[in-house]
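# Inside the fold
Residues per chain, in single letters:
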Amino acid sequence: MSIDLYSWGTPNGRKVSIMLEEVGLPYSVHSVDITKDEQFEPSFLKISPNNKIPAIVDSDGPGGKPISVFETGAILIYLAEKTGRLIPEDAASRYLCLQWLMWQMGGFGPMLGQAHHFRRFAPEKIDYAVNRYTNEAKRLYGVLDKRLGEAPYLAGEAYSIADIATYPWAARWEWQGIDWSDYPNAKRWYDELGAREAVSKGMAVP
Ligand SMILES: N[C@@H](CCC(=O)N[C@@H](CS)C(=O)NCC(=O)O)C(=O)O
């Protein structure tokens with residue numbers, strides 16, 4: 001049994017390929033080229049109604065029945081619960097993990113996405129927007145750095161899905177106007193995660 005991963009080479013897609021590499025579940029990758037609008041294909045919309053990659057289909061879902069999952073936060077929780085890996089068991093640590101996962105989903109990802117857009121891709125340079133999202137990126141890296149000065153990983157003592165969700169966005173630091181020397185705790189974490197075999201394999205998918 002293998003999991004089908006529908007993805008593209010972006011930070012959100014890579015969260016899931018890193019997770020699949022970490023837990024060692026067999027998976028097949030199907031490219032959904034968002035530069036060619038393949039995310040709007042009706043067959044893809046059936047599993048990802050918000051027309052965004054990534055999504056997974058697990059033929060061996062709950063009760064042995066197939067399940068499809070979209071939204072990376074939900075996919076990471078699904079895979080963590082399926083395997084019993086990379087999410088703390090103890091309730092207090094579990095909620096710490098979920099808080100930092102939601103911080104990534106609601107802030108670190110979307111705001112850095114806006115920074116990428118206005119700093120690199122917008123057809124005209126709008127200083128107000130560039131400054132707004134560059135400043136927000138710096139604020140978020142400050143939050144990350146403070147947390148990683150208190151604990152080795154976002155959820156505390158153990159590497160978890162919160163780190164996996166955050167890493168691929170930090171890997172685009174050059175697009176965000178980030179200077180790592182301002183964030184030494186985050187840099188220590190970034191280098192450690194980057195040295196993990198599963199992370200480098202997952203970052204190369206698709
Ligand atoms: N909140 C979503 C965000 C996914 C997302 O933004 N995917 C982008 C690529 S990184 C996408 O598919 N964009 C295509 C589109 O918006 O049409 C998640 O975490 O899964």
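In this text, all values refer to a predicted model and were calculated from it rather than measured experimentally.

Taken in spatial order, the four strands make up an open sheet running β2-β1-β3-β4, and their pairing is mixed. The open sheet has two edge strands, β2 (27–31) and β4 (67–70), and neither has a second partner. Averaged over all pairs of adjacent strands, the angle between strand axes in this sheet comes to 20°, irrespective of strand direction. The sheet strands contacting helix α1 (residues 11–23) are β1 (3–7), β2 and β3 (55–58), and the helix crosses β1 at an angle near 155°.

Here we take up helix α4 (residues 91–121). Every α-helical turn comprises 3.6 residues, leaving residues that sit three or four positions apart pointing alike. Counted at 1.5 Å a residue, the expected span for α4 with its 31 residues is 45 Å, and the 42 Å between its end C-alpha atoms agrees. Along α4, the helix axis deviates most sharply at Q104, where the bend reaches about 40°. Residues of α4 that are buried: C97, W100, L101, W103, Q104, G107, F108, G109, L112, A115, H116 and F118. Looking at the buried positions of α4, the neighbouring elements they touch are α1, α3 (72–83), α5 (127–150) and α6 (161–170).

Further remarks concern the site of the ligand. The environment of the ligand is made up of T10, N12, I34, Q39, F40, N51, K52, I53, E71, T72 and M105. At 3.2 Å, a side-chain N or O of N51 approaches an oxygen atom of the ligand. Relative to its unbound accessible area of 520 Å², the ligand is 77% covered by the protein chains. Among the residues making up the shell around the ligand, the classes are represented as four nonpolar, five polar and two charged.

So, about the UniProt feature "domain: GST C-terminal" (unreviewed entry) in the chain. Residues annotated by UniProt as "domain: GST C-terminal" (unreviewed entry) correspond here to residues 90–206. For residues 90–206, the end-to-end C-alpha separation is 34 Å, with 71% helix and 0% strand making up the annotated structure.

An ideal rise of 1.5 Å per residue puts 34 Å on 24 residues; α5 measures up with 35 Å between its terminal C-alpha atoms. For α5, the full list of buried residues reads A129, V130, Y133, T134, A137, L140, Y141, L144, D145, R147 and L148. Buried-residue contacts for α5 involve α4, α6 and α7 (184–194).

A few words on the pattern of salt bridges. Throughout the structure, instances matching the rule amount to 10 salt bridges. In this structure, the salt-bridge partner of R196 is E22, at a minimum N-O distance of 2.9 Å. Of this pair, R196 sits in the loop between α7 and α8 (197–203) while E22 sits in helix α1; the two residues are 174 residues apart in sequence, bridging distant segments of the chain. As a salt-bridge pair, E81 and R94 come within 2.9 Å of each other at their nearest N and O atoms.

Rules used throughout
- Residues numbered from 1 in each chain as written.
- Predicted model: local features only at pLDDT ≥ 70, side-chain atom pairs only at ≥ 80, totals over all residues.
- Heavy atoms only, no water.
- Pairing = 2+ DSSP bridges.
- Helix = DSSP H or I, 4+ residues; strand = E, 2+ residues; numbered from the N terminus.
- Axes fitted to C-alpha atoms, helices over the stretch in contact; angles between N-to-C directions.
- Contact = heavy atoms within 4.5 Å.
- Expected span 1.5 Å × (residues − 1).
- Bend = angle between axes of the 7 residues up to and from the residue.
- Buried < 20%, exposed > 50% of the residue type's maximum accessible area, 1.4 Å probe, protein only.
- Near = heavy atom within 4 Å.
- Polar contact = N/O pair within 3.5 Å; in protein donor to acceptor, adjacent residues only side chain to side chain.
- Areas by Shrake-Rupley, 256 points an atom, 1.4 Å probe, with all protein chains shown as cover.
- Nonpolar A, V, L, I, M, F, W, Y, C, P; charged D, E, K, R; others polar.
- UniProt positions renumbered as here; feature names shortened; annotations may be inferred.
- Salt bridge = Lys/Arg side-chain N within 4 Å of Asp/Glu carboxyl O.

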